[in-house]
Amino acid sequence: MFTYGYDFITHSSHVDDRHKLSGYFVFVICMWSWRKAGTTSPGYITERNIPKYDNYPYDNLLYVNKKCPTLGFRKLARSKYDRFTKKHVARFDHYCGWIDNAVGEENYRFFLLFLSVHIAMCVYGTIVTFYLLRGEVRDRDLYNAIFFNAETGDEVEADLWVISHYIFMRHFQICAVFLLMAVMSVVLGLFFLFHLSIAGRGMTTNEYYKWRQVHKWYNKEKNKFLTAVKEGVIKENQVVPSEQATNAKRSNIVAANISDGDVGCVGPVNIKHVNNDVKAQEVSDVHNSDEKVKVNEIMDPGPRPINIYNLGLIENFREVLYPRSMRIRHKEAKPKKV
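Fair warning: this is a prediction, and the values are worked out from it, not measured in the lab. (Residues numbered from 1 in each chain as written. Predicted model: local features only at pLDDT ≥ 70, side-chain atom pairs only at ≥ 80, totals over all residues. Heavy atoms only, no water.)

Engineer: In this structure, what is going on with the state of the cysteines? I would like to understand it.
Structural biologist: Cysteine pairs can be linked by a disulfide, which is a covalent bond between their two sulfur atoms. In this structure the tally under the stated criterion is zero disulfides. Considering cysteine sulfurs only, Cys30 is the nearest to Cys122, which forms no disulfide, with 7.7 Å between them. Residue Cys122 is classed as buried on the basis of its relative accessible area of 5%. (Disulfide = S-S within 2.5 Å. Buried < 20%, exposed > 50% of the residue type's maximum accessible area, 1.4 Å probe, protein only.)

Engineer: Any chance you could explain the nonpolar core here in plain terms?
Structural biologist: Here is a general trend for soluble globular proteins: nonpolar side chains tend to be buried in one another's company. If you look at the biggest cluster of nonpolar residues, it comprises 38 residues, and the most contacted ones within it are Ile45, Ile99, Tyr108, Phe111 and Leu115. For this core, the secondary-structure elements that each account for two or more residues are helix 3 (50-53), helix 4 (108-139), helix 6 (172-200) and helix 7 (205-230). Contacts of Ile99, omitting those with residues within four sequence positions, involve Trp34, Ala37, Gly38, Phe111 and Phe114. Grouped together as the second largest cluster of nonpolar side chains are 16 residues, Tyr6, Leu133, Phe147 and Ile167 included. (Core = buried A, V, L, I, M, F, W, Y, C linked by side-chain atoms within 4.5 Å. Helix = DSSP H or I, 4+ residues; strand = E, 2+ residues; numbered from the N terminus. Contact = heavy atoms within 4.5 Å.)

Engineer: Looking at this structure, how should I read helix 4?
Structural biologist: Because an α-helix completes one turn every 3.6 residues, residues spaced three or four positions apart along the sequence face the same direction. Taking 1.5 Å of rise per residue, 32 residues should cover 46 Å, and helix 4 covers 47 Å from first to last C-alpha, within 8% of that figure. Positioned one or two residues after helix 4, Asp141 has a phi angle of 50°, which is positive. (Expected span 1.5 Å × (residues − 1).)

Engineer: Help me understand the environment of Ile50, please; the structure alone is not making it clear to me.
Structural biologist: Along the chain, Ile50 turns up in helix 3. Placed 24 residues apart in sequence, Ile50 and Arg74 show a C-alpha to C-alpha distance of 8.3 Å. Not counting chain neighbours up to four residues away, the residues in contact with Ile50 comprise Ile45, Phe73, Arg74 and Leu76.

Engineer: So what exactly am I meant to see when it comes to the pattern of salt bridges here?
Structural biologist: In a structure, side chains of opposite charge can pair up when their charged atoms sit close to one another. By the definition in use, this model includes 10 salt bridges. Between Arg74 and Asp54 there is a salt bridge, and its shortest N-O distance comes to 2.7 Å. Placement of Arg74 in strand 3 (residues 74-75) and of Asp54 in the loop between helix 3 and strand 2 (66-67) is noted, with a sequence separation of 20 residues between them. Take Arg74: its relative accessible area is 28%, and that puts it in the partly exposed class. Among the salt bridges present, the one from Arg78 reaches Glu207, with a minimum N-O distance of 2.8 Å. Taken as a pair, Arg78 in the loop between strand 3 and strand 4 (80-82) and Glu207 in helix 7 lie far apart in primary sequence, 129 residues in all. Accessibility assignment for this pair places Arg78 and Glu207 in one class, buried. Overlapping salt bridges, with partners in common, bring together Glu136, Arg140 and Arg170 in one network. (Salt bridge = Lys/Arg side-chain N within 4 Å of Asp/Glu carboxyl O.)

Geometry only, nothing functional implied.
Okay, structure coming up:
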């Protein structure tokens, strides 16, 4: 845009020269947001700072109280070991290759800022290049121009397709920028809305895809149980286990059925290539539990699992903008009253 677009703006009467200055400003803001998201710590957990990030209860579904098989200390609720940074991340969301950093509790807000700024840049660039190209059509009065077929020499009536083809061939670079900006505006916009949606429901990207697996497992087990009851294989009131036993059994089964692989911008990646030691430890945790679970056992999965971390729209976004670990840090930084 700086190479071809700015020269176009200079010779165009349809876009003000002040957009050159605003273009530099937008570029600087974009680079700053990228660097801020990429260099801010997501909230790396170590054995020494566990109390700082130990702010969420275990739901005994997605998260259970156990040790991280890779680093050896207690795995906090909503945290995850990130294979790319080789560190444990608080309220892990995903690893983003665009900023070359893990996204977690303490930099998720800057990741959303990074997205919103780049959406604004793409929308702004789309509008400016559109006015430049539309101005070219009007200045040359292309709708009243005469075009000829290059192969046959026949006269061709000017229409939108013919004029678009002419503009694209004459100003290829600007048209390419226009198409790129327009497409990225839509793609980034949808991606941003996805993150607003899950953040508003008290979920991370990691948890969103895990919940999909949980719901898939629940629907399958519930249908299997209801079919068994209907066919008389078991009676619905045959066994009434305690709520604690049912929750423990369900937790073990879910833990054995959901994957805990790497999570990228578009969801789980390399699930089949999860570290073998990690997978072996997860299976061992399930088989060594007090509740022995048979894989093909028919059981009532109970009520549909709920997300205990969904605290309502306002509080969910408050946790994004003002993470719990940061609140504790600021609280400790305040001088004590004498």
